[in-house]
Each structure stands twice: as C-alpha cells, then as structure tokens.
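Descriptive analysis of the structure
These are the residues of each chain, in order.
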4 protein chains.
Amino acid sequence: MAGNVFGKIFRVTTFGESHGPAVGCVIDGCPAGVDLSAEIIAAELERRRPASTVSSTARREEDAPEILSGIFEGKTLGTPIAIVIRNTGQRSGDYDELAGVYRPGHADWTWEAKYGRRDHRGGGRSSGRETAARVAAGAAAKCFLAAYGVSVSARAVSIGGETEEAAIEALLEQRKAEGDSAGGLVECRIAGIPAGLGEPVFDKIGARIGAAVLSIGACKGVEFGGGFAAAASRGSANNDAPLLPPRSAEAGAQNASFADNHAGGMLGGISNGMEIVFRAAFKPAASISRPQDTIAANGGKRRLAIRGRHDLCIVPRVLPVVEAMAALVTADLLLEQRCAPAQEARKGPSFH
Amino acid sequence: MAGNVFGKIFRVTTFGESHGPAVGCVIDGCPAGVDLSAEIIAAELERRRPASTVSSTARREEDAPEILSGIFEGKTLGTPIAIVIRNTGQRSGDYDELAGVYRPGHADWTWEAKYGRRDHRGGGRSSGRETAARVAAGAAAKCFLAAYGVSVSARAVSIGGETEEAAIEALLEQRKAEGDSAGGLVECRIAGIPAGLGEPVFDKIGARIGAAVLSIGACKGVEFGGGFAAAASRGSANNDAPLLPPRSAEAGAQNASFADNHAGGMLGGISNGMEIVFRAAFKPAASISRPQDTIAANGGKRRLAIRGRHDLCIVPRVLPVVEAMAALVTADLLLEQRCAPAQEARKGPSFH
Amino acid sequence: MAGNVFGKIFRVTTFGESHGPAVGCVIDGCPAGVDLSAEIIAAELERRRPASTVSSTARREEDAPEILSGIFEGKTLGTPIAIVIRNTGQRSGDYDELAGVYRPGHADWTWEAKYGRRDHRGGGRSSGRETAARVAAGAAAKCFLAAYGVSVSARAVSIGGETEEAAIEALLEQRKAEGDSAGGLVECRIAGIPAGLGEPVFDKIGARIGAAVLSIGACKGVEFGGGFAAAASRGSANNDAPLLPPRSAEAGAQNASFADNHAGGMLGGISNGMEIVFRAAFKPAASISRPQDTIAANGGKRRLAIRGRHDLCIVPRVLPVVEAMAALVTADLLLEQRCAPAQEARKGPSFH
Amino acid sequence: MAGNVFGKIFRVTTFGESHGPAVGCVIDGCPAGVDLSAEIIAAELERRRPASTVSSTARREEDAPEILSGIFEGKTLGTPIAIVIRNTGQRSGDYDELAGVYRPGHADWTWEAKYGRRDHRGGGRSSGRETAARVAAGAAAKCFLAAYGVSVSARAVSIGGETEEAAIEALLEQRKAEGDSAGGLVECRIAGIPAGLGEPVFDKIGARIGAAVLSIGACKGVEFGGGFAAAASRGSANNDAPLLPPRSAEAGAQNASFADNHAGGMLGGISNGMEIVFRAAFKPAASISRPQDTIAANGGKRRLAIRGRHDLCIVPRVLPVVEAMAALVTADLLLEQRCAPAQEARKGPSFH
C-alpha cells in the first residue's frame, strides 16, 4: 500500500518531495559488517546529477547525504540505516505558469485523478528528485553485493534509436534546436551473481527485477536475455546448452556454465550463474519547449511551451537509478535464499 | 518468500505439483457479493487446455474445479475461496528417460542449483500445470472486475514473427517437421479501468502488471503503450494531449480523455482512464524433438531429443494466463485505491 | 488484510466456513525434507475434537485430513502444502431459532456491524471450526520443529478458577446444572528453543506469540514468564542471573543458562535459550442454556436460552490450538533468523 | 523481517541507535489532510521525558523533532512523513564499566546470542531511546484519529502492586533506598472507536493491539476487558447483553450498545463500538544499584551494582508509548476497513 516501501528483507522506505526540506530513505534488513559511508553514497548520487552535456541541462541540485543511523566506524550495524539528502536549488518560480494546465506526458493529470488535487510545483513526489533516495539505498545494496563479488553496471545502448556517439550527439543537437526530446534504451548487467536466486511461481527473478525497473519513471518496457527478439526465434536457437552441472566447482566461474546466454541469466525464474542481462526502454522526456496541445483545469484548450530547465533525454541520469534498483533486488534475493524452503530441516540448535 | 503468494489485498496462494493429487489456489480478500461458480472457473480453464491444433499437442488434462469455501448460493461471502483442480492424465513414463540429463531451456539445471535436487518428472512446480491455479484465481478476479465494467482480453499478435494466419500455420508446420518450436508475442488490453489506480514510486501500475506477467513461465519481456519503440521516438510525438480534465463526467467514457494512447493507459504510474495496453514476449517452447547438446548430472556430454507430448508454441495456451495475471493485479489495485492516502481524514464513525 | 494469512516465511492461509464443503489451509515456506503425513495431522486434529466429558458435549465432527500437495514419499518437498478437511456433522436446524437474535458474547453483532449481514448458521468463519485448519498447519510446524529438538506443549492450569481435578469436575457439574459455563487458564511451554530468535523493536518474540494466541477465539489475555505478577515485583527478585555466556556449548542445554526464568525465556524480545513459558486466559463459553437478555435485529428485547450442543468450557479443546499457534510462530522465527541482519556479508558464492 | 517496520497500511519504519546521530521514523500511508506539526509531535515526546520525580531520574534527553517530508502548510500530503529527532545527552562514560558483563534483565545476553556481538553503550537499539520514534509516529496517528473522534489515553493503574498515590510514593522511596526497582500496570482506553474494525481469524483487533503493546520493552502481559479474571468467571456474568442493534443510529453513541463491557470493546475479534479497554503489565526496571549476581563474557562470576542514571519504574514514561502503539493499530485498522472484503462489488467507475 502507498507504494513507498520496496523489498521483502532488504527493505527500503523512501520519503521526500522535491519541494520539501529533504528526500531520503531508511534501509531495513541490511546485514551487519558492510562497508558504507556518506562518501560512498555521495559518489553514486554524483552520477545522477545532470551533467553539462547537450543531453541534460544543469539544474542546481546538491546531494550531500547524511547518515543518521545504522553505521558505526564505517560499517553497518544491522540496524536500520537512515539517509537524508537536503533539498536545495529548486526554484518554484520556474513552475508557476504551469499552475492550472496539465503538462502532456507528465503525472499532473493522473495525480489529480487519484488524489483530487495536484502539486504543480515540480511534481512533488512524482518528479525525478525521488530517485536520489533510490540511488542512496542502491549504494548500500551495492556495498553489500560487493562482498559477494556481485557487481551491477548499466550503460546507454541507444538514444533516439542511434547507437554511435557522433550520431547521438547530432540527434540531440537537432532535438534541442527543435525544442523536442529523445528517449533511449539502457542495458544493465549483473555479474558474479550466484545460481539459485529467485523463487519459482510468482517471485521469479525476472519478475522482481522487472517490477523494480518498471517503477522508474519514464520506463515503458523491460526485456531479459533474448527478450522480444526471442518471440520470433526458434527453440533450437534460443535454448542455451549446459556445459557444467550446477554443483560443479567450475560452475562458479562467471559465464562458464552455459554455451550461450539467450536466457539472460535465468531459467524458470531462477538465476543460472550466467550474467543477468536486461534492457529497459525509456520514453522521451515529456517536458519540451516546443508548443503542445493541452487543456486547463476547466477543460479549455491551451497551447503549452515548457520553459525553464529540463533534460533532452533522461537516459544519462537514469543509469545509476537502474543500477540501484537492480542492486536492491539482488540484495533482497540473496537474503531470501537463506530462508528458502530448500533448506532441509536440521536437528539441533545450530541452524545457521 | 517462497514465491507462492501473489497480491496485497486480493491475495492468491497457489499450490500443487504436476504429479501430486491436485493443483489449486486460495483467494483471500475477494469482496462479498461477486457472482462466482465452478462453471465460470471451468470455462476459463478450458481456454487453457491444449487444443488440437498444429501449435499444441494434446496432453490429457482434465480441469474440473471444485470450490471448497467462500461461496454461498452463487455469490462470494468475502471469506477465502479455495479452489481445487484434481490432476489426471500425467504419464510419468513419458519423462523417465529425462532423469539424469538437463533439458536445455528448462528449469532443471536451476532447480537443482537452488534446491540441491530435481524432480525430473515433468517439472513439478516449475511446469505449466501450475498456471491452472492462476487461471482459476483469475476467473474470480474477472468476475469481480465485471461488476465494475472492467474487462481483460489478450490475443496473439504474432507467432514466430509472423502476424498473418496463413503464414503462422505454415511456420508451425515447418517447425513441426524440423522438430523445433516457435515463440510469440501477446497483446493484452484492460478496458474500462478507472483513472487513479496504482501508487507512485514503487507500486506504479506498470511495475505491478509487469511483475505479474513476467512471472509467467517463458515470458522474456513486457512493454506498455509505445514500449520499446518509444525509446526511439521524440517527446512531441510520444506525449498524448489531454482532451478532458480528470474529474469531468465525460472522462469516464472509455478512451475519451486523451488524443492518443502512447502512454498505454498510465502516466506517472497511475492509470489515466485510457485502455491499459501491454505486450508480452514469450520465448520458443524449450522442449523440442530435434537433438540438442546437453550434459548429464556427472557432466558428461549428451545429445537429447525430447520425445513425448509437448507444445510447438505456448502462446495459444498462455492467453488466459496473461489475462488472469492482469485481472488479479487490477482487482488488487482497485481495492488498494480504497485505502490510498488520498482519502482525507473525516470526522465521525461513517468512515466508509 | 482480510486476516486469513498468518506468518512471514512459514506462512499459512486458512479457508473454510463451518457450513461449507470443507475447511483447510495452505502452508507456504515449509522447508523440504520434513516428515509429514495425513496420519500425523489427523492425530493432532483428534486432540481437538470434543471429547465425551462433562466439560464438552460431543458434536459430531469428523476430521479426516487430505494432503493435496507438497508431500512426496512422506516428506515435504518445500512447495506449498495444501490440507483439506471435509465438513460433516453440522446440523443447520440446530441454529434456526437463532436467526434474528444476537447471541450475547458471540460475534453475531460485530459481524453484522462489519459486513452488513450475518450468517446465523453456526458462525461461519467466526466459529470454532476454523481452528481445525490452524491445528492442521500447526502439525506441520511441529514436525519441522521436531527436527530441531523443539517441542511445544500446553496444559490446562485452571478451569473456573479451580486447579484441582476434583474441584474442577464439581464446578463443571454445577455449571451444567445451572445451564452456565466456565472459562479457564492455559499454560504453554516451548522447550528446546535456541537462543537468538525474535527481532528487537516490533517483532519481539513475545509480540509474535502474543498476536498468535490472542487471535484464538475467546482468548482475553496473554502473559509471559512472571507476567502480571511481575508488575507487583521488584527488580532484584524478577531479574534472572545469567549462569553461562551465550556462546558457551553448555548454553545449549535446556534451562541451564540462567538461575531462574521470570523472563519466560525471552530478554529484550529475543529468546534466551530457557523454556518459553506463557499463559493464556480464555473467557467462559458464550453459548449457555440459561436464559439471557438480548435483542432482535429490530431492537426488540428478547430472552434467549441457547439449546443444542455446546461446550461448558472450551479449554480442553483449545490446548492443541494454542500449541499450533506457538509452533507456527516458532517455525517462522527459526526461518527468519536465517536472513536476520546479523549475518555478516561474506565474499563468494557460498552464501548459505 | 528485521522487525523495524510496523503496520500494514499506516506503516511506520523506525530507525536510530541511542548513541548514533539521531532516532526517527518514516510514516507511510497516512492519509492527506491531517493536521500535523513538529509542535504537536514535541508535545507527545515531552510526556515521555523522564520527569523529576522519585520514580524517574532525569537523564538529559532533548527531543526536538524535525519533519523532513510529507507536510505542507500544516497538513499531511499523503506522502511519507519523515521525522528526525537528534540525540543529545548520552554519556558513554556512564556505561564503560558495564563492558564485559551481562546486566541481568537486559538484552545484553540475548543480543550477543543473536548477533554475535554486543553494544555495551546503553543498549543501542534495544534501549528505551527507540520509543521516542514510536511516540513521534503515534502523534501522527493520534492526529488522524482525532478527525474521527477517536481518542486514546493510558494511565497507571498500579505501581509495585499499590494503587493509592501515597502508598505508591512510599513504595518508590523504599525501593530507592534499597537500590531496587518496581514494576507496574497500565490501563489504556480507546474511545470513540467505530464498530467493525479488525478481521476475524488472524487479524483480530485484540491480536493486533496485543502485538503492538507486547513489542514495548519490559511489557510482560496484556489483557482485554475481563482479561485474566474472565478465566475464573461464568458465561452468564461475562456475556454483555446487547441493547442496540449494530446499524442503529444510537449505536454510534459511546458505550451505549451493550449493557456492560466485559468484552473490552471487541467480540469475535471485531470492535463493537464500546470503549476498547486493555491493561499491560510492565516488569520492574532491570537496572538496579543493589548488587546482583551475574557473569562476565568469559563466564566468570561477577557482582554487579549498576550506577549512573536509571529509572526506578518505567511506567510513568511508558504511558505515551502505550498510547502511541494503540493509536498506530487503530489508525491501521480504520484504513484496512476501507478495503475489507465486506465491500460488495459495485458496477461503474465510482469505486470509492
């Protein structure tokens, strides 16, 4: 309910509106002994800030995280970790003229449908600012995963359909001149993940990662391994031949257990020790300066050109967010595996 | 945990192995007064049975559901609804020669990695048989939704990349002759859905539907509205212009509130009253009679040709499963909306 | 929500109305390899049947459980275990004259307040019949616990305030003659429980057991160790002196770690290796044949004498229910301990 | 899992160790439009501070709450509410001599059993300091309830077994002189609560309140209405005669629906419109200056007299904590009632 809590064991509650005092999160269930500091979190948040590129316009955002609990002498205690990131740099004035009209492609319309009112000042909790809290929590998850040799990394595959850097730059310059925007495709890989994570039936690892990634604003699709291309393939091509049995010591080596990876690292909803590979599609940024048709609250037609500072394409900023969500799911599944029903009942008090 | 429970309020627990006495489900949280009967459930299950087509091979499966609780005089009581479907028609012998080898594309390998053992007889709980329980639960959800004027329907968009019926038939004949299989693409529409469902941040409606659909075996991707094509689009084309304000009486008419539906019925993770439209990609059926490379439990190389009865393409059978999952999510979100934080505090005992 | 699901990992969903076809449960999260059979479950259910004693009147109830899933060759698979117990022996006619009046002390009044209607035929899901499903699930939990050397046993401490058997018999004969009823006090001990179970803050072991026991119908109070008497004690008397440090091998011996057990087996919400000891108070059976004042649905005053078959005191029947709830909580906490944040992050794939 | 999250819809995550930078909470699911401010929260926290009485010794604690999110112009937004309370006034030195010995009656021993280590400096997250976060969250719940005309108030019934004020003072003086401590009994009433809250079977209102109250440190028992005395009573005396039918307009008046309230405001686990009345037993404060037997980490016997600042009896400080937990449960149940299965399925988009 309310949708602000994520995860089952490695559980994260986020808070904060873009125009309130702060955003942040509380992480419950992170094991003890993990190296974590405000510096580590700040480094992840830095990746999220709008860079001075053609793609993004720099809104002044400063993300200096403060850890209020759960850490002692640089290591997690196993108690809840509260991280606060103060808000600075919002300029309400930028948004005043948007009061009373619905920005196409934004949540203004649906927010009002759901809540009966709308915060026109930058989107409140529906804006991109809340992703700062996700990235902070993801930083903790990544530190936990690091101790297992698991790493998560995302990259932009294409922007506006272009894959080559020069073509991307040209396309973005064009869109900027037109007052328009571009979407993009992100690929993410989870390396070093052990086999056996995920639960058959409803908690398949693809379902868990998919839910996490689809919860990122502007994400319109997710695919694993062969993905949508597999729908047009054949079994003899799409099946990956096993090379090593599950329990073989060699099976631990990255990407050695199967001849190929159309499966994207999962079979029957359970990780198979190959890299998890997935791609996420992000729609074009909704705020554009080019005039659009819309309506006002009373239904009257309006033409709207959104001035101010907004991104041409959110993909560069969303990479750490995709990684954060993938890391949170992987951390959660690692911990869930410890109490999975596979564990045979054992006699005696040593049940660890 | 354990992954056999789905949903938050309209909650479903499924049970049953393909070679146990029965499969079934218990539905908790279904409101009272919904018309439901064993006949209604049986009709949905019938759609799931392998039909006598080139695509599927008929395994004798009889799905005669029995309702053990929660219904009185044809209507739900509001108490848990237990539905049992006895297993018949399994033939263990079909699977004996598979003991000791890992079927490529199946969960054999990962099941053993996770549980330390493997049930070679038809997949146990990783087989398609457990979808019968999902479809039974989905039938109840559909009945609940019907009272709201909400309907769910899925169709096959393409099989093996082909969209035209004649080309599909030809492709399937070809694959059959080759001892191979085909994947396919399913499109599902949720019509009549009110605006305002879904919670921003982590419980976005796309995340919830995505998780549900990606939990179906063989599903390798899901996209909403413009989906992956939106990644190559521009804002001016992808944004849908609002035509009616949220609270307008006319906004209730299906598909009248926006000029287009690239959004696929959701903005900012909240339904906008337009049809929800999503597509799910299914990989080719993994069991093929054409020989494949694999290994035995001791690591020795094997050639495997899977005889017996298996589908060329699972898409025709999976349509009611996709609908069931979409219906379960929609029912859940409808009920969650009732206790969403949007509800202002009111004085007095009449808090309904 | 809906209140029919219990537990976090060892999770139970119960179903069934007293006048429907069956009651039963689905257990999710029970580890694999636990010895379990219909015979074991039937033996526990037998303890719950009304015995031919002065205290109880025998209603014909037959509890022949059927296991529909999750067991293979006498051991759990780790998949959901569905248990069905068919209803027999209800006689609707017994209850017809109760239609239209509210039985004092029963849920008739509140059920109607909550649901807007009422099932006068024996209480539906508010009757004692649903405890059969709890006892069946508890049987599975007990089998799991047995492998750990953990046992649960409840006994009647007093009935109607009397502790000696002769006095109890006399009191019950008296109440029967008067057409009245009696309450009682139950004590339950969980032996062999390892130290370390329970989570500080909200999931203290006392809170979890308390919730479980207070969910049993007619339970009006629960206390642990010194309980309500501790409220009148002093620290020097109530504190238990430690004799052995936590990690000492000898600490595993039952009841050896502390000089006394006013704590009832828990400190700071975490088990300390001593026996868990708690007591539960049950109010007198509400159905009595002696006339009582009540009202009809239209508010008119009535005098009501409840004929038919009802218990003088529910305590003898409730002992296996108390044990079942305590066993379910203990099983759940044992599994939760496996993924508690105490587990330090470790490098490498062996995360078990 | 991890035990730091409480509630299903009105959900609270607490954080903070007594020796970290801050304690606090995040409240998710609080409806919009509730009056809430830092001043209101501070007033509740003030009640929790150790007063200058014989019973408590004043440790310097300053609780100045800061609200970081979820409030706008004095009203809740419906988004998560983050409340931070900075820690001041801890003096580590007070605790240094306790390193290496287990304080009888405290969680030192069990914390080490569970986590393998122990924070000797004031109990970390097992100390009373974490109750500040509960009281802050409870303040928000109370504000929400106020709009419904529901109020919660707790009082001390007895301390050390004494009920009269003069006798209590004398007893506490005596215990202080002896270097000992006292326990006590708290009674709490929830007035104005509507009928129909709570779910039969596992989420009975008594189970939910019981779990909440038993999660408060030092609580060793809870009883409702007649409680443990009902165990020695008879049906004719314990049953409360209904005076008004459930739906009668007059039934809304406080305490008018039944002739008596042995039920403590609940029947069959569902509130009946009468005051909820429960009592909670608190054991004597465990820290006493009088010497006690204990052991060191290596098992060697020690005599321990705990110097420094500690309470003679925690009851005066725990009253706002008991109220907070009762308010949190009541707020949660009010919201759950909105999506209870009682709600009949209705046709059309107006599903509110």
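Described in the following lines is the structure provided in the data block. Since we're looking at a predicted model, the values are computed, not measured. (Residues numbered from 1 in each chain as written. Chains lettered and ligands numbered in written order. Predicted model: local features only at pLDDT ≥ 70, side-chain atom pairs only at ≥ 80, totals over all residues. Heavy atoms only, no water.)

**Describing the pattern of salt bridges**
It is possible for side chains bearing opposite charge to pair when their charged atoms get close. As a reminder, the rule being used: Whenever Lys or Arg places a side-chain nitrogen within 4 Å of a carboxyl oxygen from Asp or Glu, that contact is recorded as a salt bridge. Starting at the N terminus, helices and strands are each numbered in turn, a helix being any DSSP run of H or I of at least four residues and a strand any DSSP run of E of at least two. Burial classification: accessible surface area is computed with a 1.4 Å probe over protein chains only, and a residue below 20% of its type maximum counts as buried, one above 50% as exposed, and the rest as partly exposed.
On inspection of all chains with the given rule, the structure shows 92 salt bridges over all chains. With a shortest N-O distance of 2.4 Å, Arg 189 of chain C and Glu 275 of chain C are connected by a salt bridge. Taken together, the positions of Arg 189 of chain C in strand β9 (residues 184–191) and Glu 275 of chain C in the loop between β12 (270–271) and β13 (276–282) put the pair 86 residues apart, joining distant regions of the chain. Its relative accessible area of 15% is what places Glu 275 of chain C among the buried residues. Between Asp 35 of chain D and Lys 75 of chain D there is a salt bridge; the shortest N-O distance is 2.8 Å.

**A word on the side chain of Lys 283 of chain C**
As a reminder of what qualifies: None of His or the chain ends enter the tally, which takes Lys and Arg as positive and Asp and Glu as negative. Polar contacts, as counted here, are pairs of nitrogen or oxygen atoms within 3.5 Å of one another; within protein the pair requires one atom able to donate a hydrogen and one able to accept it, and residues that are adjacent in sequence qualify only if both atoms are side-chain atoms. Two residues form a contact once any of their heavy atoms are found within 4.5 Å.
Here Lys 283 of chain C shows up in the loop between β13 and β14 (292–295). Buried charge without a salt bridge: Lys 283 of chain C, with Asp 240 of chain D as the nearest opposite-charge side chain at an N-O distance of 7.6 Å. A polar contact of 3.0 Å, which involves the side chain of Lys 283 of chain C, links it to the backbone oxygen of Gly 105 of chain C. Discounting residues that sit within four places of it in the chain, Lys 283 of chain C has contacts with Gly 105, Ala 182, Gly 183, Ala 218 and Lys 220 of chain C together with Ala 230, Asn 238 and Leu 267 of chain D.

**Comments concerning the interface of chain A and chain B**
Put simply, the rule reads: Asp, Glu, Lys and Arg are counted as charged, while Ala, Val, Leu, Ile, Met, Phe, Trp, Tyr, Cys and Pro are counted as nonpolar; the rest, among them Gly, fall into the polar class. Whether two strands pair depends on DSSP finding at least two bridges between them.
Listed as interface residues are 112 residues of chain A and, on the opposing side, 112 residues of chain B. Counting across the interface, chain A meets chain B through 6 salt bridges. Measuring nitrogen to oxygen at the nearest pair gives 3.4 Å for the salt bridge that ties Lys 114 of chain A to Glu 199 of chain B. In this assembly, chain A and chain B are joined by 47 residue pairs in polar contact (both at pLDDT 80 or more). The biggest single contributor to the side of chain A that touches chain B is helix α2 (residues 108–115) of chain A, with 7 residues. Residue classes in the side of chain A that touches chain B are distributed as 53 nonpolar, 35 polar and 24 charged. Sheet topology places strand β10 (residues 219–224) of chain A next to strand β10 (residues 219–224) of chain B; 3 bridges connect them, and they run antiparallel. Note on β10 of chain B: the bridge partner recorded for Glu 223 of chain A is Gly 221 of chain B.

**Quick notes on the packing of aromatic side chains**
The geometry of an aromatic ring pair is captured by two quantities: the separation of the ring centres and the angle between the planes. Defined as follows: Pairs were defined over the aromatic rings of Phe, Tyr and Trp, the Trp ring being its six-membered one, requiring ring centres within 6.5 Å. Orientation was assigned from the angle between planes: stacked under 30 degrees, edge-to-face over 60, tilted for the rest.
Considering all chains together, one arrives at 26 aromatic pairs over all chains under this definition. When the ring of Phe 144 of chain D is compared with that of Tyr 148 of chain D, the centres are 5.3 Å apart and the planes differ by 70 degrees; the resulting orientation is edge-to-face. Judged by relative accessible area, which is 0%, Phe 144 of chain D ranks as buried. For Tyr 148 of chain D, a relative accessible area of 3% gives the class buried. Taken together through their ring pairs, the aromatic side chains of Phe 10, Phe 144 and Tyr 148 of chain A make up a single cluster.

**Observations concerning the environment of Glu 162 of chain A**
Residue and element names in this part refer to chain A. Locating Glu 162 in the fold gives a position in the loop between β8 (151–159) and α4 (165–178). Judged by its relative accessible area of 32%, Glu 162 falls in the partly exposed class. When neighbours within four sequence positions are excluded, Glu 162 is seen to be in contact with Val 157, Ala 167, Ile 168 and Leu 171.

**With respect to the relation of the copies chain A and chain D**
What counts here: The copies are overlaid by a least-squares fit using only the C-alpha atoms of residues whose pLDDT is at least 70 in both copies.
Rotating chain A by 180 degrees and moving it 0.0 Å along the rotation axis overlays it on chain D with an RMSD of 0.0 Å. Expressed as an axis order, the relation between the two copies is that of a two-fold axis. Counting the interface residues of chain A, we find that 100% of their copies in chain D are interface residues as well, pointing to one common contact surface.

**Quick word on the interface of chain A and chain D**
Worth spelling out the cut-off: Buried area: the accessible area, evaluated with a 1.4 Å probe, that two parts lose upon being put together, summed over both parts.
Between chain A and chain D, the residue contacts involve 34 residues of the former and 34 residues of the latter. Taken over both partners, the interface formed by chain A and chain D buries close to 2,700 Å², and the fraction arising from carbon and sulfur atoms is 59%. For the pair chain A and chain D, the number of links is 2 salt bridges. Across the salt bridge formed by Arg 86 of chain D and Glu 66 of chain A, the nearest N and O atoms sit 2.7 Å from each other. At the boundary of chain A with chain D, the tally comes to 11 residue pairs in polar contact (both at pLDDT 80 or more). Elements supplying a minimum of two residues to the side of chain A that touches chain D: β2 (11–15), β3 (22–28), β4 (65–67) and β7 (81–86) of chain A. When residues of the side of chain A that touches chain D are assigned to their parent elements, the largest contribution, 4 residues, is made by β2 of chain A. Here the residues of the side of chain A that touches chain D are counted per class, giving 16 nonpolar, 9 polar and 9 charged.

**Some points on the relation of the copies chain A and chain B**
When chain A is fitted onto chain B, the two copies agree to an RMSD of 0.0 Å after a turn of 180 degrees and an axial shift of 0.0 Å. Interface overlap between copies is the fraction of interface residues in one copy that are interface residues in the other; for chain A against chain B it reaches 100%, indicating a shared surface.

**Quick word on the state of the cysteines**
Inclusion rule: When two cysteine sulfur atoms are found within 2.5 Å, that pair is recorded as a disulfide.
Under the counting rule described, the total for this entry stands at 0 disulfides over all chains. Cysteine Cys 188 of chain B shares no disulfide, and the gap to the nearest cysteine sulfur, in Cys 219 of chain B, comes to 12 Å. The thiol sulfur of Cys 25 of chain D is not disulfide-bonded, and the nearest other cysteine sulfur, from Cys 30 of chain D, lies at 11 Å. A relative accessible area of 1% means that Cys 25 of chain D is categorised as buried.

**Some words on helix α3 (residues 131–146) of chain C**
What counts here: How far a helix is expected to stretch is found by multiplying one less than its residue total by 1.5 Å.
Spanning 16 residues, α3 of chain C covers 22 Å between terminal C-alpha atoms, matching the ideal 22 Å at 1.5 Å per step. Taken across its 16 residues, α3 of chain C has 15 buried, putting it largely inside the fold.

**Observations concerning the packing of helix α5 (residues 205–214) of chain A against helix α8 (residues 315–338) of chain A**
All names here are of chain A. Selection criterion: Helix axes use the C-alpha atoms of the stretch in contact, all axes being lines fitted to C-alpha atoms, and the angles between their N-to-C directions lie in the range 0 to 180 degrees. Crossing handedness is defined as follows: a turn of the near helix away from the far one that is anticlockwise and smaller than a right angle gives a left-handed crossing, while the clockwise case is right-handed.
Contact geometry of α5 with α8 gives a least axis separation of 9 Å together with a crossing angle of 145 degrees. Here α5 and α8 pass one another in a crossing that is right-handed. Contacts between α5 and α8 involve Ile 205, Arg 208, Ile 209 and Ala 212 from the first element and Met 325, Val 329, Asp 332, Leu 333 and Glu 336 from the second. In the contact of α5 with α8, the residues fall into 6 nonpolar, no polar and 3 charged.

**Re the sheet that holds β4 of chain A**
Residues and elements named next belong to chain A. Taken in spatial order, the 5 strands make up an open sheet running β1-β2-β3-β7-β4, and their pairing is antiparallel. If you trace the sheet from one side to the other, it starts and ends with β1 (5–6) and β4, each paired once. With 2 bridges connecting them, β1 and β2 associate as antiparallel partners. In the strand pairing of β2, Phe 6 is matched with Val 12. In the packing of helix α3 (residues 131–146) onto the sheet, contacts are made with β2, β3 and β7, and the angle to β3 comes to roughly 35 degrees.

**Overview of unusual backbone geometry**
The phi dihedral of Val 201 of chain C falls on the positive side, at around 75 degrees, and the residue is not glycine. With respect to the secondary-structure elements, Val 201 of chain C resides in the loop between β9 and α5 (205–214). Owing to a relative accessible area of 1%, Val 201 of chain C belongs among the buried residues under this scheme. Even without glycine at this site, Ala 218 of chain D takes up a positive phi of about 80 degrees. Its location among the elements puts Ala 218 of chain D in the loop between α5 (205–214) and β10 (219–224). Judged by its relative accessible area of 23%, Ala 218 of chain D is partly exposed.

**Let's talk about the environment of Ala 137 of chain C**
All names here are of chain C. Summarising the element assignment, Ala 137 is placed in helix α3. Its relative accessible area of 0% is what places Ala 137 among the buried residues. In sequence terms Ala 137 and Thr 13 are 124 residues apart; their C-alpha atoms lie 9.1 Å from each other.

**Some remarks on the packing of helix α1 (residues 38–48) of chain C against α3 of chain C**
Residues and elements named next belong to chain C. Spelled out, the test is: The labels follow the angle: roughly parallel below 35 degrees, roughly antiparallel above 145, roughly perpendicular from 65 to 115, and oblique for the rest.
Two elements in contact, α1 and α3, have axes separated by 9 Å at closest approach and are oriented at 130 degrees. Regarding the angle of α1 to α3, the classification is oblique. For the pair α1 and α3, the sense of crossing is right-handed. Counted together, Ile 40, Ile 41, Glu 44, Leu 45, Arg 47 and Arg 48 of α1 and Thr 131, Ala 132, Val 135, Ala 136, Ala 139, Lys 142 and Cys 143 of α3 form the full contact between these two elements. In terms of residue class, the contact of α1 with α3 is built from 8 nonpolar, 1 polar and 4 charged.

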